[in-house]
Amino acid sequence: MNRSLPRSRQKPLPSPDDRPAAHIILFDGHCRFCTAQVRRLNNWDRNSLLSFLSLHDPQVQRRWPELSFQQLMDEMYLITPEGEKFAGAAAFRYLSTRLPILWPLAPLMHIPGSLPLWRTIYKVVAKYRYRLAGKSACDGDACEVHFR
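On a predicted model such as this, the values are computed, not experimentally measured, just so you know.

### Things to note about the layout of surface pockets
Empty space among the atoms becomes visible once a probe the size of a water molecule is rolled across them.
Turning to step 1, where the next piece is worked out: Size it by volume and the second largest pocket reaches roughly 600 Å³.
Turning to step 2, where the next piece is worked out: Lining the second largest pocket are 26 residues, and of these Phe-33, Gln-37, Met-76, Phe-92 and Tyr-122 lie nearest its centre.
Turning to step 3, where the next piece is worked out: Take the lining of the second largest pocket: its biggest share by element is 7 residues, from helix α1 (residues 32–44).
Turning to step 4, where the next piece is worked out: Looking at the lining of the second largest pocket residue by residue, the classes come out as 20 nonpolar, 1 polar and 5 charged.

Right, here's the structure in full:
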């Protein structure tokens with residue numbers, strides 16, 4: 001990601017409509033920390049494996065009514081093309097075997113019995129994510145004037 005580009009000039013993240021066969025990452029699009037992390041994942045995704053959708057998008061509840069708003073606020077979700085769901089640390093663990101740049105982390109992420117530790121770390125970061133980078137009141141360019 002080019003940090004010098006204003007938000008209005010950043011390339012939009014690929015959506016499920018752009019990549020219908022891709023894995024879908026559901027993330028907090030109002031969270032600057034979260035948005036920065038999914039932009040990083042998108043930059044690392046050389047094989048167009050991923051698409052992205054803010055949990056605040058109305059289609060999320062239509063497509064996945066079994067996922068509550070609170071679940072989605074607590075953890076990002078990865079949904080495979082087959083419909084399997086991974087949340088938080090388990091999603092990152094899954095990605096460590098799919099994105100080549102994350103392969104060096106895969107052995108560490110997959111140590112038997114380590115997932116509870118990764119979940120705890122993930123939940124602490126997720127709990128304080130707005131303190132880490134702030135919160136945007138809107139998606140897209142609508143609030144650009146407030147960030148100048």
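There's more to say after this.
### Points about the confidence of the model for the protein chain
Turning to step 1, where the next piece is worked out: Of all residues in the protein chain, 82% have pLDDT values of 70 or greater, and the mean over the chain is 85.
Turning to step 2, where the next piece is worked out: Confidence drops under pLDDT 50 across residues 1–6; counting only partners more than four residues distant or on other chains, this segment forms 6 contacts.
Turning to step 3, where the next piece is worked out: pLDDT under 50 marks residues 138–148. Its contacts with residues more than four places away, or in other chains, come to 14 contacts.

### Here we look at the environment of Asp-18
Turning to step 1, where the next piece is worked out: Examined against the element boundaries, Asp-18 turns out to sit in the segment before β1 (23–27).
Turning to step 2, where the next piece is worked out: Linking Asp-18 and Phe-52, residues 34 residues apart in sequence, is a C-alpha distance of 9.6 Å.
Turning to step 3, where the next piece is worked out: There is a polar contact of 2.9 Å between the side chain of Asp-18 and the backbone nitrogen of Ser-15.

### Notes on unusual backbone geometry
Turning to step 1, where the next piece is worked out: Here the phi dihedral of Ser-48 falls at roughly 55 degrees; this positive angle occurs in a residue that is not glycine.
Turning to step 2, where the next piece is worked out: By the element assignment, Ser-48 lies in the loop between α1 and β2 (50–54).
Turning to step 3, where the next piece is worked out: Of the residues examined, Ser-48 reaches a relative accessible area of 38% and is grouped as partly exposed.

### Side note on the sheet that holds strand β3 (residues 77–79)
Turning to step 1, where the next piece is worked out: What the 4 strands build is an open sheet, ordered β2-β1-β3-β4; its pairing is mixed. Where the open sheet ends on each side, the last strands, each with one partner, are β2 and β4 (85–87). In this sheet, neighbouring strand axes are inclined to one another by 20 degrees on average, regardless of whether the strands run parallel or antiparallel.
Turning to step 2, where the next piece is worked out: Strands in contact with helix α4 (residues 88–95) are β1, β2, β3 and β4; relative to β4, the strand with the most contacts, it is inclined by about 115 degrees.

Conventions we followed
Residues numbered from 1 in each chain as written. Predicted model: local features only at pLDDT ≥ 70, side-chain atom pairs only at ≥ 80, totals over all residues. Heavy atoms only, no water. 1 Å grid on protein atoms, 1.4 Å probe; cavity = no way out; pocket = protein on both sides within 12 Å on 5 of 7 lines; lining within 4 Å. Points joined across faces, edges and corners; volume = space filled by probe spheres on them. Helix = DSSP H or I, 4+ residues; strand = E, 2+ residues; numbered from the N terminus. Nonpolar A, V, L, I, M, F, W, Y, C, P; charged D, E, K, R; others polar. pLDDT = per-residue confidence, 0-100. Contact = heavy atoms within 4.5 Å. Polar contact = N/O pair within 3.5 Å; in protein donor to acceptor, adjacent residues only side chain to side chain. Buried < 20%, exposed > 50% of the residue type's maximum accessible area, 1.4 Å probe, protein only. Pairing = 2+ DSSP bridges. Axes fitted to C-alpha atoms, helices over the stretch in contact; angles between N-to-C directions.

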